[in-house]
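# An overview of the molecular structure
Below, each chain spelled out in residue letters.
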Amino acid sequence: MTKSISCADVGVKCRWSTTAKTEEELMKKVAEHAKKEHKDIKVTPEVVAKIKSHIKEI
Ligand SMILES: [Zn+2]
């Protein structure tokens, strides 16, 4: 199983998406992307929970 998430999934206007084998790895990639491209978005525990609820298994 591969986990997948995209910015559009969580309502961010961005074409970026990523996949990873584990949720931990996926969240690491999301955090790196948010740091670079979405400096205005603070990755709070609420935001993390929202992202996690949108993770897809592909
Ligand atoms: Zn993005």
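Placed above this text is the structure.
What comes next concerns the included structure. Just so we're clear, the structure is a prediction, and the values are computed from it rather than from any experiment.

This next bit is on the overall build of the chain. Each helix and strand in the chain was counted, giving two helices and three strands. Taken against the 2.2 N^0.38 rule, which gives 10 Å for 58 residues, the C-alpha radius of gyration of the chain at 10 Å falls within 12% of a compact globule. For the C-alpha atoms alone, the extent of the chain along its principal axes is close to 30 × 25 × 15 Å. Considering the chain as a whole, with its 58 residues, one finds that 10% of them fall into the buried category.

Another aspect to go through is the pairing of strand E1 (residues 3–6). Two faces, one strand: in a regular strand the side chains alternate between the faces of the sheet. Pairing geometry for E1 and strand E2 (residues 17–20), over four bridges, is antiparallel. In the sheet register, Ile5 faces E2, and the bridge partner there is Thr18. With two bridges connecting them, E1 and strand E3 (residues 56–57) associate as antiparallel partners. Its bridge partner being in E3, Lys3 is matched across the sheet by Glu57.

On to helix H1 (residues 23–37), then. Each full turn of the α-helix corresponds to 3.6 residues, which orients residues three or four apart in the same direction. In a regular helix each residue adds 1.5 Å, so 15 residues correspond to 21 Å; H1 covers 21 Å between its end C-alpha atoms and thus fits that length. Within the sequence span of H1, burial applies to Leu26, Val30 and Ala34. Projection of H1 onto a plane perpendicular to its axis shows the buried side chains occupying an angular sector of 70 degrees, all on one side. In H1, the exposed positions angled more than 90 degrees off the buried face are occupied by Glu24, Glu32, Lys35 and Lys36. Looking at the buried residues of H1, the elements they touch are E1, E2 and helix H2 (45–53).

Conventions and cut-offs
- Residues numbered from 1 in each chain as written.
- Predicted model: local features only at pLDDT ≥ 70, side-chain atom pairs only at ≥ 80, totals over all residues.
- Helix = DSSP H or I, 4+ residues; strand = E, 2+ residues; numbered from the N terminus.
- Rg over C-alpha atoms; globule rule 2.2 N^0.38 Å.
- Buried ≥ 20, exposed ≤ 12 C-beta atoms within 10 Å, placed from the backbone.
- Pairing = 2+ DSSP bridges.
- Expected span 1.5 Å × (residues − 1).
- Arc of directions from axis to C-beta.
- Contact = placed C-beta atoms within 7 Å.

Note that all results are geometric; they support no functional claim without further evidence.
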